[in-house]
Amino acid sequence: MENIGLFSDSAGRLWTREDVLKGLRAVGADACEILFVHTALLFGRPNRALGRKGYLQALYEVLLDLQVPTLVFPAFSYSFANHENYDVRRSRTSMGALVEYIRTRPEVCRSLDPLLSLSVAGARTDLTAGRPTGHSFGPDSGFDRLHRAGNVKFLFLGADFAEHFTYIHYIEKVLEVPYRFDMFFTGNITGHDGQTFRHTQAIHTQCGGVKLKNIGFLKSVLAETGHLKVERLGDGELACIAEEIIFQEVAGRIRRDPFSLVEPYTERDLTHIYTFGKDGERVTHC
């Protein structure tokens, strides 16, 4: 493919397809069987000659150029949490323009989870197969399948490690941390065949009186140990880490210190109150 310019950073440097691909390889994003990609396109000013669709397609093609057998994207819609029915073909994701563009591609498979659906391009379409299990972090959920798949990495393509690492909530569910509880939502799901069915789905959300810590400290620790590979990309950055490393690191921290990811709390803080969307704002986090 032609080594076209994709975007210019604030210093005026033009970054090309090859620059992006080189950065992805530098953080080890190509050295896995499954690559889970969080995105935020904050690298600079896109090349206007490409147009919006052309820019998104070019970024997707760079990810395909890594030749990782399976790419996974968080196509989260939080439909039920927003009092909306979920249509696997039509419900938009709130995870950014690139993920929304990829979701609509004919080769991409999307799961039926009405809260935290996943989109998959490549070999492991089984990661999205079947009806939702009833819990977005429970046994045989998309995140549980990733944990059991082996040779998985997480890539932060401009996305902030501390803001977008939803997988950590799966680890908290595995450990059944006391500061989270299962919140249940009910609605209608329309599947790939156009058929609609009623379903109840749970998510593991924080208790009403609990305050989360900013996990930027965890990013620093993992970068210092070399487990998290970080490279500059325009005005943003790339970061990549292996699933087994982050699982061991986070699970170990919680077992040693139950307050490692949250501010100290008391029993009266452990209220089963869903705090997201309470003022009418759209739910985009769990």
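All of these numbers come straight from a predicted model, not from anything done at the bench. (Residues numbered from 1 in each chain as written. Predicted model: local features only at pLDDT ≥ 70, side-chain atom pairs only at ≥ 80, totals over all residues. Heavy atoms only, no water.)

1. Things to note about the pattern of salt bridges
Inference 1: As enumerated under the stated definition, the model contains 19 salt bridges in all.
Inference 2: Among the ionic pairs, Glu100 bridges to Arg103, the shortest N-O distance being 2.8 Å. Taken as a pair, Glu100 and Arg103 lie in helix 3 (residues 97-103) at a separation of three residues, close to a single helical turn. Each member of the pair, Glu100 together with Arg103, is buried.
Inference 3: Among the ionic pairs, Glu107 bridges to Arg105, the shortest N-O distance being 3.3 Å. (Salt bridge = Lys/Arg side-chain N within 4 Å of Asp/Glu carboxyl O. Helix = DSSP H or I, 4+ residues; strand = E, 2+ residues; numbered from the N terminus. Buried < 20%, exposed > 50% of the residue type's maximum accessible area, 1.4 Å probe, protein only.)

2. A few points about the sheet that holds strand 6 (residues 86-87)
Inference 1: Here we have three strands laid out as an open sheet, ordered 6-10-11, and mixed in their pairing. At either end of the open sheet lies a strand with only one pairing partner, and these are strand 6 and strand 11 (196-206). (Pairing = 2+ DSSP bridges.)

3. Quick notes on the sheet that holds strand 2 (residues 14-16)
Inference 1: The strand order across the open sheet formed by three strands is 2-1-4, and the pairing between neighbours is antiparallel. Across the chains shown, the open sheet's two edge strands, defined by having one partner strand only, are strand 2 and strand 4 (45-46).
Inference 2: Pairing of strand 1 (residues 5-8) with strand 4, which is carried by two bridges, proceeds in the antiparallel orientation. By the bridge assignment, Phe7 is partnered in strand 4 with Pro46.

4. Concerning the packing of aromatic side chains
Pairs of aromatic rings are described using the distance from one ring centre to the other and the angle between the two planes.
Inference 1: For the coordinates displayed, the defined rule picks out 19 aromatic pairs.
Inference 2: Their ring planes at 25° and their centres at 5.4 Å tell us that Phe7 and Phe43 sit as a pair that is stacked. Placement of Phe7 in strand 1 and of Phe43 in the loop between strand 3 (34-39) and strand 4 is noted, with a sequence separation of 36 residues between them.
Inference 3: Since its relative accessible area comes to 0%, Phe43 is described here as buried. (Phe/Tyr/Trp six-rings, centres within 6.5 Å; stacked < 30°, edge-to-face > 60°.)

Take it as geometry only, folks, not as evidence of what the structure does.
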